[in-house]
Amino acid sequence: MAQSLLFSSKTICSNHFLKGEETCGLSNVFKTSLGHLKLSHSCRSTKTTTCAASQPIEVPRQWYNLIADLPVKPPPALHPKTYKPVTPQDWSPLFPEELIKQENSDARFIDIPQEVIDVYELWRPTPLIRAKRLEKLLDTPAKIYYKYEGVSPAGSHKPNTAVPQVWYNSQEGIKNVVTETGAGQWGSSLAFACSLFGLNCEVWQVRASYDQKPYRKLMMQTWGAKVHPSPSTITEAGRRILEKDPASPGSLGIAISEAVEVAAKNPDTKYCLGSVLNHVLLHQTVIGEECIKQMEAIGVTPDVIIGCTGGGSNFGGLAFPFIREKLAGKINPLIRAVEPAACPSLTKGVYAYDYGDTAGMTPLMKMHTLGHDFIPDPIHAGGLRYHGMAPLISHVYDLGFMEAFAIPQIECFRGAIQFARTEGLIPAPEPAHAIAATIREALHCKETGESKVILMAMCGHGHFDLPAYDKYLQGSMVDLSYAKERIQESMANIPNMSQK
Ligand SMILES: Cc1ncc(COP(=O)(O)O)c(C=O)c1O
């Protein structure tokens, strides 16, 4: 059985939706020179923005916890040795107390500390933009809106959780944090947050992205972080992988093992995770809370909500507050996750207890998984190369409150180029999956004549992903599809709980 280092080397270790056209006058919504409706764009002097009916949209004061409203509570994480539910003491080598409380909280809303709000106000509220030019290109009656998180300093939604995670660690006297990163968006977000609160930051970056994205590494270094390619020779977990495959491209699962090992072995060091866990998804709900207000302000209700899923945090962040409204019977949008065809945990994985990392050091979590030792092919959406899905998203999927499908990368880049050439923004390869799914839906609307409102999570820009665009534009990008045999092999290594 995989070694459980974490648990051996330390102490054991109301909204009111209106359906219809936007009716805002100029006093309500300000029209950009591009003709987009820029709703609730951040205004640094007052921290608020004038929206419909002169209602100011503020940065949310609370995060929303979907668990409080679910008819069935999600299955608990289990200790990998005793198979009993994980206790707060079990988590404590990795996380500060406040985050452990949030991880296990049943509270519906959790107050955001003022110090965190002060930092959020550097880029929040983020804009909700109507993609009119894309609609025109597609000749669709659908109305496409996107909530754009690329305005954060690191260029994605990831600082929404990096900032509170680092802040809670700083409040409990922690000086060093470690993490993994795939695309580099999460690592750079954590490096940014550490630079604000004066913590040391060390990052294991998945080898494939470390090589493909040198500028992300430089961003992390600019914000003061130390960056290692993963697998590395620094950790036992990394050395074990390199012994088997010296040219391993790495994976998020391996990089998590490395960072968790370092945190578990060093009492002065905690671990931060950029996705998957409940507290991470909780922090991201600022996206959906703002978006609900912004859509209310223009009298628009989403019919379809689309987001890409790696570990599930940007998707959950946008969708969960809308699912609350759906469960309350106020709206009934389709909620749709999009994953890469090369790493389809929701659509092809099994719903089972599995480790969050490759080496098997983390608690067992019930999630949709391709097997913890599955190493996805090096697709360009590095942030979507994770073998599992957030337990909370997996649970919501299992309850039937959302749907999922997988798209190959060439279609995603085709969509990203159409988006860039109409809307101007160059998307990161991860939200390019959401764009491709949005285009599919908009073209379906063209066939049926429906004027659905599509809301899309545009979770980051791709300014440091241009080598991937180069590949697409040169015609040398290939589709790395579902590695059926390798996935079957790794699924065979998922712990068999019936024998425990
Ligand atoms: C821009 C971007 N989008 C999406 C993701 C996927 O993560 P999640 O599913 O947690 O949003 C990542 C992960 O690194 C990312 O960098």
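Residues numbered from 1 in each chain as written. Predicted model: local features only at pLDDT ≥ 70, side-chain atom pairs only at ≥ 80, totals over all residues.

The name given to the protein chain in an unreviewed UniProt entry is tryptophan synthase, with Heracleum sosnowskyi as the source organism. Quoted verbatim from the Cofactor (unreviewed entry) field of UniProt, the annotation for the protein chain is "pyridoxal 5'-phosphate". What the UniProt record of the protein chain gives under Sequence similarities (unreviewed entry) is the line "Belongs to the TrpB family." (UniProt positions renumbered as here; feature names shortened; annotations may be inferred.)

K.L.:
Quick one: what's the story with helix 8 (residues 214-222), residue by residue and with numbers?
P.N.:
Where helix 8 is concerned, the buried positions are R216, K217, M219 and M220. One side of helix 8 carries all its buried residues, which in axial view fall inside an arc of 155 degrees. Where helix 8 is buried, its residues touch helix 6 (185-197), strand 10 (200-206), helix 7 (207-212) and strand 11 (226-230). A positive backbone phi angle near 100 degrees is found at G224, which sits one or two residues after helix 8. (Buried ≥ 20, exposed ≤ 12 C-beta atoms within 10 Å, placed from the backbone. Helix = DSSP H or I, 4+ residues; strand = E, 2+ residues; numbered from the N terminus. Arc of directions from axis to C-beta. Contact = placed C-beta atoms within 7 Å.)

K.L.:
Report on the site of the ligand, specifying residues and quantitative values.
P.N.:
Looking at the ligand, there are 21 residues lining it, with Q185, S275, G310, G383 and G460 nearest. When contributions to the shell around the ligand are tallied by element, the ones reaching two or more residues are helix 6, helix 13 (313-327) and helix 17 (429-448). For the shell around the ligand, the residue count by class is eight nonpolar, twelve polar and one charged. (Near = placed C-beta within 6 Å. Nonpolar A, V, L, I, M, F, W, Y, C, P; charged D, E, K, R; others polar.)

K.L.:
Which residues make up the confidence of the model for the protein chain, and what are the values?
P.N.:
When pLDDT is averaged along the protein chain, the result is 89, and 88% of the positions lie at 70 or above. Taken as a whole, residues 1-55 scores under 50 in pLDDT and shows 121 contacts with residues more than four places along the chain or in a different chain. (pLDDT = per-residue confidence, 0-100.)

K.L.:
Could you give an account of the pairing of strand 18 (residues 453-458), with specific residues and numbers?
P.N.:
In terms of burial, strand 18 is largely enclosed, as five of its six residues are buried. Pairing of strand 8 (residues 143-148) with strand 18 involves six bridges; the strand directions are parallel. Bridging from a neighbouring strand, K147 pairs with A457 of strand 18. Bridge count between strand 13 (residues 304-308) and strand 18: three bridges; the pairing is parallel. Across the sheet, residue V304 finds its bridge partner in strand 18, namely I454. (Pairing = 2+ DSSP bridges.)

K.L.:
Which residues make up the environment of K326, and what values go with them?
P.N.:
Mapped onto the elements, K326 comes out in helix 13. Judged by the 19 C-beta atoms lying within 10 Å of it, K326 is partly exposed. Sequence spacing of K326 and F401 is 75 residues, and the spatial spacing of their C-alpha atoms is 9.0 Å. Ignoring sequence-local partners within four residues, the contact set of K326 consists of I331, N332 and P333.

K.L.:
Report on unusual backbone geometry, specifying residues and quantitative values.
P.N.:
Cis rather than trans, the peptide bond between R124 and P125 has omega equal to -5 degrees. Inspection of the secondary structure assignment puts P125 in the loop between helix 3 (114-120) and strand 7 (128-130). In the segment running from S230 into P231, the intervening peptide bond is cis, with an omega of 10 degrees. Among the structural elements, P231 can be located in the loop between strand 11 and helix 9 (236-244). Although it is not a glycine, D139 adopts a positive phi angle of roughly 55 degrees. The residue D139 is located in the loop between helix 4 (132-138) and strand 8 in this model. Judged by local crowding, D139 falls into the exposed class, with 9 C-beta atoms found within 10 Å. Of note, the phi angle at V276 is positive, near 70 degrees, even though the residue is not glycine. Assignment of secondary structure puts V276 in the loop between strand 12 (269-271) and helix 11 (278-284). According to the C-beta neighbour criterion, V276 is buried, with 25 such atoms within 10 Å.

K.L.:
Lay out the sheet that holds strand 11 with the relevant residues and their values.
P.N.:
Taken in spatial order, the four strands of this open sheet run 11-10-9-12, and their pairing is parallel. Edge strands, defined here as strands with exactly one partner in the open sheet, are strand 11 and strand 12. When strand polarity is set aside, the average angle formed by the axes of neighbouring strands in this sheet is 25 degrees. Of the strand pairs in this sheet, strand 10 and strand 11 are connected by five bridges, and their pairing is parallel. Each residue of the ladder has a partner; that of E202, found in strand 11, is K226. (Axes fitted to C-alpha atoms, helices over the stretch in contact; angles between N-to-C directions.)

K.L.:
Just give me the short version of the nonpolar core, but keep the residues and values in it.
P.N.:
If you look at the biggest cluster of nonpolar residues, it comprises 143 residues, and the most contacted ones within it are L190 and M456. In terms of residues, this core owes the most to one element, helix 10 (residues 252-265), which gives nine residues. When residues no more than four places from it in sequence are discounted, the contact partners of L190 are A162, V166, V177, T179, C201, V203 and C272. (Core = buried A, V, L, I, M, F, W, Y, C linked by C-beta atoms within 7 Å.)

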